[in-house]
2 protein chains.
Amino acid sequence: MSELYVVGLGPGGKEFLTGQAMTALEKADVLCGYTVYVDLVSPLFPGKETYTTPMTREIDRCRWALETAQSGRPVAMVCSGDAGVYGMAAPILELAPDYPGVDIEVVPGVTAALSGGSVLGAPLGHDFCVISLSDLLTSWPVIENRLRCAAMGDFAVALYNPASRKRKDHLRRACDILLEHKSGDTVCGWVRNIGREGQEKKVLTLSQLREEELDMFTTVFIGSSTTRQIGGTMVTPRGYDKK
Amino acid sequence: MSELYVVGLGPGGKEFLTGQAMTALEKADVLCGYTVYVDLVSPLFPGKETYTTPMTREIDRCRWALETAQSGRPVAMVCSGDAGVYGMAAPILELAPDYPGVDIEVVPGVTAALSGGSVLGAPLGHDFCVISLSDLLTSWPVIENRLRCAAMGDFAVALYNPASRKRKDHLRRACDILLEHKSGDTVCGWVRNIGREGQEKKVLTLSQLREEELDMFTTVFIGSSTTRQIGGTMVTPRGYDKK
């Protein structure tokens, strides 16, 4: 019986790891996860065993990690960003009752809403929502309803998975829903390849965002009614200056 | 002219700092911030100058940091959790046009939604909102509307600042609004003193949460309709098992 660490790596580079994440990766015998994420950290631990599966084999990967920990070898299941936010902590915990005795530790990390937000300035400086536009695991009407409610609540919003090869028009459809309740002048932004080589960013209006062609390596930020563009940055004030 | 780093510390202990945050703190001549947060990291840098102000003097503190950086000394403004989420990045960027030439770098950190979430399991495994119940800077009707929209969107929710000495009934009022749209059996949880001595947690129903007496050191999690309690953990599935 051993430890299973579910570790959020942040955007990828070593500088975004917390000390807690580094310790968990060190303690593990095996680094396990989606190929792209394991490749980000395995160079930090030369010679350490890895176990990778492609994007769509999450449940197999989780069961392998739980079995391996149960057999007595400490495992780190790595996730980009945070371990909990659209990460592997939930499926691991759902499967855990089948593997009694495994000691599961969830190690949080800097999710793209925060790392991407820091690149743009402070787009999530007040109440906010995080919504994924991927309809692989969530029905589109559920996503539409959440977009509508986020707009009606005047939340700042971080959108994950704004597009993919098969879902080229999701961002435009999302913007159309938001535009039912929000001004076309709403300050928005996006960041691509956060913290990686080729990082790009842009601050623009909601009307302009609707016309952008983005990819799955991009995180999108929609402002609230109070969000401002200040010298190239995107800022949602909390209102400290109004006291 | 020098750098001003706005640094998210995570919940406080050294193990929650990212490498990027540690580097920024090292490079700074002065550590500046709310007294409690500066005290968390100043022991890591013995002898480094500190500048602290009480909770309600945020704008003075930001101006001091900008002036100091402008005079040529690198400064780190420290924030608990993330630098952007209810943090000092927004007011610093709002004031920045008055201090031309200061190079501002926002360093993200693990906000309480993520660190507290990892203690409970994976309460934010699907789309979620973060809402502060403090009405010091936000009017209560705005907060009420956001709670209502979060409930109508069936988001998981992290509530910051659920109570204070002056706002003892905010959590109960928030639960009453959520209960208009959500079942009393909705799985909820709270974590107190995240990552610090005396950390406590509890998983409970929304009806039970309404009766809790919590304080400002607590972060509260409200489940979506799919959130489950699994062996003492709180888990919001994304639905990998349904593929």
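Since we're looking at a predicted model, the values are computed, not measured. (Residues numbered from 1 in each chain as written. Chains lettered and ligands numbered in written order. Predicted model: local features only at pLDDT ≥ 70, side-chain atom pairs only at ≥ 80, totals over all residues. Heavy atoms only, no water.)

Caption draft 1: Geometry of the side chain of B:Thr18. Assignment of secondary structure puts B:Thr18 in the loop between β1 (3-8) and α1 (19-27). If near-sequence neighbours (up to four positions away) are discounted, B:Thr18 is found in contact with A:Glu15, A:Phe16, A:Leu17, A:Thr18, A:Val110 and B:Pro108. (Helix = DSSP H or I, 4+ residues; strand = E, 2+ residues; numbered from the N terminus. Contact = heavy atoms within 4.5 Å.)

Caption draft 2: Representation of the packing of aromatic side chains within the structure. Residues and elements named next belong to chain A. All told, the structure shown has six aromatic pairs over all chains when counted by the stated rule. Consider the rings of Tyr86 and Tyr160, whose centres lie 5.3 Å apart with planes at 55°: the pair is tilted. On the criterion of sequence distance, the pair formed by Tyr86 in the loop between β4 (75-79) and α4 (89-95) and Tyr160 in strand β8 (residues 156-160) is long-range, its members being 74 residues apart. The burial state of Tyr86 is the same as that of Tyr160; both residues are buried. (Phe/Tyr/Trp six-rings, centres within 6.5 Å; stacked < 30°, edge-to-face > 60°. Buried < 20%, exposed > 50% of the residue type's maximum accessible area, 1.4 Å probe, protein only.)

Caption draft 3: Up close: the interface of chain B and chain A. Listed by partner, the interface residues are 62 residues for chain B and 62 residues for chain A. Summed over both partners, the interface of chain B with chain A buries about 5,500 Å², with 63% contributed by carbon and sulfur atoms. Linking chain B with chain A are six salt bridges. Along the contact surface separating chain B from chain A lie 25 residue pairs in polar contact (both at pLDDT 80 or more). For the side of chain B that touches chain A, the residue count by class is 29 nonpolar, 22 polar and eleven charged. (Buried area = accessible area lost by both parts, 1.4 Å probe. Salt bridge = Lys/Arg side-chain N within 4 Å of Asp/Glu carboxyl O. Polar contact = N/O pair within 3.5 Å; in protein donor to acceptor, adjacent residues only side chain to side chain. Nonpolar A, V, L, I, M, F, W, Y, C, P; charged D, E, K, R; others polar.)

Caption draft 4: Spotlight on the state of the cysteines. Using the criterion set out here, one finds zero disulfides over all chains in the structure. Unpaired in terms of disulfides, A:Cys79 finds its nearest cysteine sulfur in A:Cys62, a separation of 8.3 Å. Cysteine B:Cys175 is unpaired, with the sulfur of B:Cys188 as its nearest cysteine sulfur at 6.7 Å. (Disulfide = S-S within 2.5 Å.)

Caption draft 5: Just the relation of the copies chain B and chain A, in detail. Laying chain B over chain A is done by rotating through 180° and shifting 0.0 Å along the axis; what remains is an RMSD of 0.0 Å. When the rotation and shift are considered jointly, the pair of chain copies conforms to a two-fold rotation axis. A shared binding surface is used by both copies, with 100% of the interface residues of chain B retained as interface residues in chain A. (Least-squares fit on C-alpha atoms with pLDDT ≥ 70 in both.)

Caption draft 6: Representation of helix α3 (residues 58-70) of chain A in the model. Residue and element names in this part refer to chain A. Its 13 residues give α3 an end-to-end C-alpha distance of 18 Å, which sits within 8% of 18 Å, the value for a rise of 1.5 Å per residue. Listed in full, the buried residues belonging to α3 are Glu58, Arg61, Cys62, Trp64, Ala65, Leu66, Thr68 and Ala69. Elements that come into contact with the buried residues of α3 comprise β1 (3-8), β2 (30-34), β3 (49-53), β4, α4 and β5 (103-107). Two residues or fewer past α3, Gly72 is found with a positive phi of approximately 110°. (Expected span 1.5 Å × (residues − 1).)

Caption draft 7: Broad picture of the sheet that holds β1(A). Residue and element names in this part refer to chain A. Sheet architecture is open: five strands sit in the order β3-β2-β4-β1-β5, paired in parallel fashion. Edge positions in the sheet fall to β3 and β5, since each of these pairs with one other strand and no more. The average angle at which neighbouring strand axes cross in this sheet is 20°, direction not considered. When β2 meets β4, the two strands line up parallel, connected through three bridges. Bridged to Val30 within β4 is Val75. Contacting β1, β2, β3, β4 and β5, α3 runs over the sheet at an angle of about 165° to β2. (Pairing = 2+ DSSP bridges. Axes fitted to C-alpha atoms, helices over the stretch in contact; angles between N-to-C directions.)

Caption draft 8: Spotlight on the packing of helix α6 (residues 140-152) of chain A against helix α6 (residues 140-152) of chain B. Their axes nearest at 8 Å, the elements α6(A) and α6(B) cross at an angle of 175°. If you check the angle between α6(A) and α6(B), you find them roughly antiparallel. Residue-level contacts link A:Asn145, A:Cys149 and A:Met152 of α6(A) to B:Asn145, B:Cys149 and B:Met152 of α6(B). Across the contact of α6(A) with α6(B), the residue classes tally to four nonpolar, two polar and no charged. (Parallel < 35°, antiparallel > 145°, perpendicular 65-115°, else oblique.)

Caption draft 9: How the structure looks around the pairing of strand β3 (residues 49-53) of chain B. All names here are of chain B. When strand β2 (residues 30-34) meets β3, the two strands line up parallel, connected through five bridges. When the bridges of β3 are listed, Gly33 appears paired with Thr52. Traced from β2 through helix α2 (residues 35-41) to β3, the parallel crossover comes out right-handed. (Right-handed = clockwise from strand over helix to strand, strands pointing away.)

Caption draft 10: Local environment of helix α5 (residues 112-120) of chain B. Residue and element names in this part refer to chain B. Where burial is concerned, most of α5 is hidden: nine out of the nine residues are buried. Residues of α5 that are buried: Ala112, Ala113, Leu114, Ser115, Gly116, Gly117, Ser118, Val119 and Leu120. One or two steps after α5, the chain reaches Gly121, where phi turns positive at roughly 135°.

Caption draft 11: Main features of the side chain of B:Thr233. Here B:Thr233 lies in strand β13 (residues 233-235). Looking at B:Thr233, its side chain comes within polar contact range of the main-chain oxygen of B:Ile230, at 2.7 Å. Contacts of B:Thr233, omitting those with residues within four sequence positions, involve A:Leu93, B:Leu120, B:Gly121, B:Val203 and B:Arg228.

Caption draft 12: Representation of the sheet that holds strand β12 (residues 228-230) of chain A within the structure. Residue and element names in this part refer to chain A. Taken in spatial order, the three strands of this open sheet run β6-β13-β12, and their pairing is mixed. For this open sheet the edge positions go to β6 (121-122) and β12, each flanked by a neighbour on one side alone. As defined by bridge partners, β6 adjoins strand β13 (residues 233-235) across two bridges and the pair is classed as parallel. Within the sheet, the bridge partner assigned to Gly121 lies in β13 and is Met234.

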